[in-house]
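# Structure at a glance
One-letter residues, chain by chain:
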Amino acid sequence: MNKPDLSRTREIPIGVVGLGLMGCSITACLLMAGHPVVAVAPIEGDLEHAERRIREHLSKSQQEGLVDVDPGTLMKNLSITTDYSALGPCKLAIECTLENIDIKRSVYQKIEAVIAEDALLTSNTSAIPISILQEQTRHPGRFFGLHWAEPSHTTRFLEVICGEKSDVSKGEYLYDLSHAWGKEPTLVRKDIRGFITNRLMYAMYREAFYLVENGYATVEDVDRACRNNPGYWMTLLGVFRWMDLTGVPAYHTVMKDLFPTLSNATEVPKLIDDIVKAGGKGTANAHGFYTYTPEEAELWEETFREFTYEIRKLALKYPVDIVKRKLKNSAR
Ligand SMILES: NC(=O)c1ccc[n+]([C@@H]2O[C@H](COP(=O)([O-])OP(=O)(O)OC[C@H]3O[C@@H](n4cnc5c(N)ncnc54)[C@H](O)[C@@H]3O)[C@@H](O)[C@H]2O)c1
């Protein structure tokens, strides 16, 4: 596929199907990048909140300087509907419904019935292998994972994931296009369950449960350690650059003794199982690993929203090629 002209996003209409937490922030991100967006609500309930949420993301983004076009103008590029046929002109459809393969399959049938044969179809699945999802579609070659991080309109993260039958050149097109969305994307050329970040994160979650369930630390202890150690350097460095900066041989030595003691549990931990079976969702219903009053839960969500804009400002000062840029500037 040809490289997209990133200044012509207005000529690339995109469909977003599923208007929950992520569908709304993905829609805001695409509008801010200049795309016309058709946002499809598969369930009536989405219509109650979607427009308000998207408008709030756009207003806050304007206040924070992420975009200089006012929300009213951007909203003119958006149509929200329950009617799948509105996706007809879209060159790319992003499915963003519940993490359930039966639901996703039925959504793909409805999308594929209306989009053009050369339009691309993608899923924001967190961990269902793309090779399995593309088998649920009529044209597996045009199907990809497009894995965003919440809130999608502020984060730089994006994984473009190829399944076994995906046409990699189309994946490269998505990789190029996502630069217009303010992303520093990763192209995962070979499918693996959990892709990159979820494999890394779930290895960490598993160890966190092991430490708490076996009495080595409390939930608060684990969170405090995590915030103040990896949370301190990760936005700048990632894993491998961090080892380079702090001395590679020490990691080599520690691995020999530490790896055999790490958790390799394969069952869902009891701690999370108990919460989920009791109906706990986290801050969404003030019932998670911590106890919250409804007011505290809401304030945590609000504080996280504030923080995402703050850390974004810091992260933007340190792009991936920061050292190359510094060298170039000092040579002038
Ligand atoms: N929340 C995150 O941080 C995150 C991060 C990366 C990927 N994801 C993935 O994105 C997808 C959506 O997650 P979310 O957090 O936005 O979920 P959500 O619960 O906020 O929204 C789910 C949406 O699914 C749709 N839906 C619900 N029931 C349906 C049905 N029966 N038929 C068709 N559509 C239905 C609705 O549009 C609903 O709003 C999931 O696959 C999830 O794994 C989530």
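Everything below is about the structure printed above this text.
Residues numbered from 1 in each chain as written. Predicted model: local features only at pLDDT ≥ 70, side-chain atom pairs only at ≥ 80, totals over all residues. Heavy atoms only, no water.

Each helix and strand counted, the chain has 13 helices and eight strands in total. For the chain, whose C-alpha radius of gyration is 21 Å, the value lies close to the compact-globule estimate of 20 Å for 332 residues. Taken across its 332 residues, the chain has 39% of its residues classed as buried. For the chain, long-range pairs separated by at least 24 residues make up 67% of all intrachain contacts whose partners lie at least 6 apart in sequence. (Helix = DSSP H or I, 4+ residues; strand = E, 2+ residues; numbered from the N terminus. Rg over C-alpha atoms; globule rule 2.2 N^0.38 Å. Buried < 20%, exposed > 50% of the residue type's maximum accessible area, 1.4 Å probe, protein only. Contact = heavy atoms within 4.5 Å.)

Spatially, S3-S2-S1-S4-S5-S6-S7-S8 is the arrangement adopted by the eight strands of the open sheet, whose pairing is mixed. Two strands lie at the open edges of the sheet, namely strand S3 (78-81) and strand S8 (186-188), each paired on one side alone. Within this sheet the neighbouring strands show an average axis-to-axis angle of 20°, counted without direction. Two elements, strand S1 (residues 14-17) and strand S2 (residues 37-40), share four bridges in a ladder whose sense is parallel. Across the sheet, the residue bridging to Val-16 is Ala-39, located in S2. Contacts between helix H4 (residues 101-112) and the sheet are confined to S1, strand S4 (92-95), strand S5 (120-123) and strand S6 (143-148), with S5 contributing the most and set at about 160° to the helix. (Pairing = 2+ DSSP bridges. Axes fitted to C-alpha atoms, helices over the stretch in contact; angles between N-to-C directions.)

With that settled, consider the site of the ligand. The ligand sits among 21 residues. The nearest are Leu-21, Asp-46, Glu-99, Asn-124 and Ser-126. Separating an oxygen atom of the ligand from a backbone N or O atom of Met-22 is a distance of 2.9 Å. When the ligand is considered free in solution it has 830 Å² of accessible area, and contact with the protein chains removes 73% of it. Of all the secondary structure elements, the ones that give two or more residues to the shell around the ligand are helix H1 (21-32), H4 and S6. Among the elements that take part in the shell around the ligand, H4 stands out by supplying three residues, more than any other. Residue classes in the shell around the ligand are distributed as ten nonpolar, seven polar and four charged. (Near = heavy atom within 4 Å. Polar contact = N/O pair within 3.5 Å; in protein donor to acceptor, adjacent residues only side chain to side chain. Areas by Shrake-Rupley, 256 points an atom, 1.4 Å probe, with all protein chains shown as cover. Nonpolar A, V, L, I, M, F, W, Y, C, P; charged D, E, K, R; others polar.)

By size, the foremost hydrophobic cluster in this structure holds 38 residues, and its most contacted members are Ile-26, Leu-30, Ile-54, Leu-58, Ile-94, Trp-148 and Trp-181. Sorting elements by how many residues they give to this core places H1 first, with eight residues. Residues within four places of Leu-30 in sequence aside, it is in contact with Ile-14, Val-16, His-35, Val-37, Ile-94, Trp-148 and Trp-181. Counting residues in hydrophobic clusters, the runner-up holds 20 residues, among them Val-17, Val-40, Val-107 and Tyr-108. (Core = buried A, V, L, I, M, F, W, Y, C linked by side-chain atoms within 4.5 Å.)

Under the criterion given, the structure shown has seven aromatic pairs. Summarising the aromatic geometry, the rings of Tyr-202 and Tyr-205 are spaced 4.9 Å apart at their centres and angled 80° between planes, so their arrangement reads as edge-to-face. Remark: Tyr-205 and Tyr-202 occur in helix H7 (residues 197-213); sequence separation between them is three residues, near one turn of the helix. Considering the side-chain rings of Tyr-210 and Tyr-216, the 6.2 Å spacing of their centres and the 25° angle between planes classify their relative orientation as stacked. The side chain of Lys-60 reaches across the aromatic face of Tyr-309, ending 5.5 Å from its centre. (Phe/Tyr/Trp six-rings, centres within 6.5 Å; stacked < 30°, edge-to-face > 60°. Lys NZ or Arg CZ within 6 Å of the ring centre and 35° of its normal.)

Before going further, it helps to examine the packing of helix H9 (residues 230-246) against helix H10 (residues 248-258). The geometry of H9 relative to H10 is characterised by a closest axis approach of 6 Å and an angle of 110° between their N-to-C directions. Here H9 lies roughly perpendicular to H10, going by the angle between them. Contacts from Trp-242, Met-243, Asp-244 and Thr-246 in H9 reach Val-248, Tyr-251 and Met-255 in H10. Grouping the amino acids of the contact of H9 with H10 by side-chain chemistry returns five nonpolar, one polar and one charged. (Parallel < 35°, antiparallel > 145°, perpendicular 65-115°, else oblique.)

The next thing to look at is the side chain of Ser-123. Relative to the elements of secondary structure, Ser-123 occurs in strand S5. On the accessibility criterion, Ser-123 (0% relative accessible area) is buried. There is a polar contact of 3.5 Å between the side chain of Ser-123 and the side chain of Tyr-108. From its side chain, Ser-123 meets the backbone nitrogen of Thr-125 in a polar contact 3.0 Å long. The contact partners of Ser-123, leaving out residues within four places of it in the chain, are Glu-95, Lys-104, Tyr-108, Leu-133, Phe-143, Phe-144, Gly-145, Leu-146 and His-147.

With that out of the way, let us pick up the environment of Tyr-108. Mapped onto the elements, Tyr-108 comes out in helix H4. A residue is classified by how much of its surface remains accessible, and Tyr-108, at 0% relative accessible area, is buried. For the pair Tyr-108 and Phe-144, spaced 36 residues apart in sequence, the C-alpha separation works out to 12 Å. Residues within four places of Tyr-108 in sequence aside, it is in contact with Glu-95, Leu-121, Ser-123, Leu-133, Gln-136, Thr-137 and Phe-143.

Taken together, Ile-196, Leu-200, Met-234, Val-239 and Phe-240 make up a surface patch of nonpolar side chains, about 480 Å² in accessible area. Element by element, the count of residues in the nonpolar patch is highest for H9, at three residues. When you line up the elements, Ile-196 lands in the loop between S8 and H7. (Patch = residues over 30% accessible without salt bridge, like charges linked within 9 Å, V, L, I, M, F, W, Y side chains within 5 Å. Salt bridge = Lys/Arg side-chain N within 4 Å of Asp/Glu carboxyl O.)

A contiguous patch of negative charge, built from Glu-295, Glu-296, Glu-298, Glu-302 and Glu-306, is present on the exposed surface. With respect to the helices and strands, the residue Glu-298 is situated in helix H12 (residues 294-317). (Lys, Arg positive; Asp, Glu negative; His and termini not counted. Charge placed at Lys NZ, Arg CZ, Asp CG, Glu CD.)

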